[in-house]
Amino acid sequence: LKSRGSNAWQVFEQEMLAYQGEHQALEQALRHAVADESFSQFSLDYQPICETRSLRVIGCEALLRWRHPERGLVSPGEFISLAESSGLIVPLGYWVLEEACRRAAGWPVPWRVHVNLSVCQMQNDDLPERVAAILARTGLAPWRLVLEVTESILIVHYERHARMLDTLRAGGVSVALDDFGTGYSSLTHLRKLPFDWLKLDIMFIAELESDGNSREVVAALLSMCHALGLSVVAEGIETEAQRRILENQGCEAMQGYLLGRPMPAHKIDLLAAEAQAVQ
Ligand code: C2E
Ligand code: MG
Ligand code: MG
Ligand code: MG
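The structure displayed is predicted, hence computed values, not measured ones.

If you trace the backbone, H68 turns up in strand β2 (residues 57-68). Accessibility expressed as a relative area gives 11% for H68, which makes it buried. Polar contacts involving the side chain of H68 include one to the main-chain amide nitrogen of R71, which spans 3.0 Å. With sequence-adjacent residues up to four places away left out, H68 is seen in contact with A29, Q41 and V74.

Encoded structure:
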């Protein structure tokens, strides 16, 4: 070890070990939390998705939250990738699906519920069957479930994933392409893959007001999506100016802090009750 010499190396090595230790500790904690049959460290927040013109809520996205007893809230940015690399996302993802479907089935208004699906969950061929079983158990109408997948499904095992999405859609479930524009999806994929919705990433939205080129790009993407029969949800709407630009460009739905932050289930239940009252 001594012969490795430099001080900088030793510091690096110590930091690496500390990092690995932290990584392993967090994974261990996650494993422990998923092993708990009641999934008591997990909860779902729900964020409204609104129709652009009327601002009426048409659905909600379920967003997973993990509260570790000592560490407190761990951000999805930290634990989702860990759940994926360890395979824990599979049991966790089924819990999310069932929880979100059960919640949505209890709303007095027929809002859709969007659930994020990891590519790992698509490795198992029984996914469509299990989704159907969850819908049957919870009593949620299939058309009210929207599965959000990211562009990574377009890269490996592309054919298989496309078939699986077809099977899911044949069962009445909708599929959304999430975070469009951040990854590898080319326009070719849009043409070939069976999606109902496309979610335009926040990255495009953030520059809408300041950058004319961004507006042109978004306008072109919207017209292309519409020509392909896809509806668009814009993500990360934070200002009224952004909302107005997207309304003028014909974007049908939006999600973002301007319209509502992710909120705990009991709050979204209240919103659903209010929405029913004004109907
Ligand atoms: P996502 O699916 O793209 O979800 C949208 C993210 O944008 C959420 O972050 C949401 O809180 C955030 N967001 C919404 N409106 C705004 C806004 O106006 N401004 C800004 N700056 N951000 C906004 P969150 O909850 O931290 O989740 C991050 C990611 O974690 C999600 O991105 C999704 O990829 C993943 N994730 C969350 N829950 C699950 C899950 O149950 N399963 C899987 N596989 N992934 C999940
Ligand atoms: Mg999503
Ligand atoms: Mg997204
Ligand atoms: Mg995103």
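Text resumes after the structure shown.
Ranked by size, the top nonpolar core spans 80 residues in total, and within it F42, Y46, L145, F195 and L246 carry the most contacts. Element by element, the count of residues in this core is highest for helix α3 (residues 89-105), at 10 residues. When near neighbours in sequence (up to four residues on either side) are disregarded, F195 contacts V149, I153, L154, L165, R169, V175, A176, L177 and L230.

Turning our attention to the pairing of strand β6 (residues 174-180). The buried count for β6 comes to six of seven residues, which makes it a mostly enclosed element. Each parallel crossover has a hand, and for strand β5 (residues 145-149) linked through helix α5 (residues 158-170) to β6 it is right-handed. Across three bridges, the pairing between β6 and strand β7 (residues 197-200) is parallel. In the strand pairing of β7, F180 is matched with L200.

For the structure on display, the rule yields eight aromatic pairs. Between W66 and F79 the ring centres are 5.7 Å apart and the planes differ by 80°, which places this aromatic pair in the edge-to-face class. Here W66 is found in strand β2, whereas its partner F79 is found in helix α2 (residues 76-86), with 13 residues between them in sequence. No difference in accessibility class separates W66 from F79, as the two residues are buried. Between W107 and W111, the aromatic rings sit 5.7 Å apart at their centres with planes inclined by 65°, giving edge-to-face as the arrangement. With respect to class, W107 is no different from W111; both count as buried. Chaining the aromatic ring pairs together yields one cluster made of F39, F42, W66, F79 and W95.

Attention shifts here to a nonpolar patch on the surface. On the surface, W9, F12 and M16 cluster together into a nonpolar patch covering about 280 Å² of accessible area. Position of W9 relative to the elements: it lies in helix α1 (residues 7-35).

Turning our attention to the layout of surface pockets. Roughly 930 Å³ of volume is contained in the largest pocket. E61, L63, N116, D178 and D179 are the residues nearest the centre of the largest pocket, which is lined by 36 residues in total. Mapped onto the lining of the largest pocket, the elements with two or more residues apiece are β2, α2, α3, β5 and β6. Residues of the lining of the largest pocket, tallied by class, amount to 14 nonpolar, 13 polar and nine charged. In this structure, the second largest pocket spans a volume of roughly 330 Å³. If you trace the second largest pocket, you find 13 residues lining it, with R56, V57, W111, A275 and Q279 closest to the centre. Those elements that provide at least two residues to the lining of the second largest pocket are β2 and α10 (265-277). Residue contributions to the lining of the second largest pocket peak at three residues, all from α10. Looking at side-chain class alone, the lining of the second largest pocket contains nine nonpolar, one polar and three charged residues.

Lining the immediate environment of ligand 1, one finds 22 residues, of which R65, N116, D178, E238 and Y257 sit closest. Backbone polar atom of L64 to a nitrogen atom of ligand 1: 3.1 Å apart, as the coordinates give it. Residue D179 places a side-chain N or O atom 2.9 Å away from an oxygen atom belonging to ligand 1. Taken by itself ligand 1 offers 810 Å² of open surface, and the protein chains cover 78% of this.

The rules behind the values
Residues numbered from 1 in each chain as written. Chains lettered and ligands numbered in written order. Predicted model: local features only at pLDDT ≥ 70, side-chain atom pairs only at ≥ 80, totals over all residues. Heavy atoms only, no water. Helix = DSSP H or I, 4+ residues; strand = E, 2+ residues; numbered from the N terminus. Buried < 20%, exposed > 50% of the residue type's maximum accessible area, 1.4 Å probe, protein only. Polar contact = N/O pair within 3.5 Å; in protein donor to acceptor, adjacent residues only side chain to side chain. Contact = heavy atoms within 4.5 Å. Core = buried A, V, L, I, M, F, W, Y, C linked by side-chain atoms within 4.5 Å. Right-handed = clockwise from strand over helix to strand, strands pointing away. Pairing = 2+ DSSP bridges. Phe/Tyr/Trp six-rings, centres within 6.5 Å; stacked < 30°, edge-to-face > 60°. Patch = residues over 30% accessible without salt bridge, like charges linked within 9 Å, V, L, I, M, F, W, Y side chains within 5 Å. Areas by Shrake-Rupley, 256 points an atom, 1.4 Å probe, with all protein chains shown as cover. Salt bridge = Lys/Arg side-chain N within 4 Å of Asp/Glu carboxyl O. 1 Å grid on protein atoms, 1.4 Å probe; cavity = no way out; pocket = protein on both sides within 12 Å on 5 of 7 lines; lining within 4 Å. Points joined across faces, edges and corners; volume = space filled by probe spheres on them. Nonpolar A, V, L, I, M, F, W, Y, C, P; charged D, E, K, R; others polar. Near = heavy atom within 4 Å.

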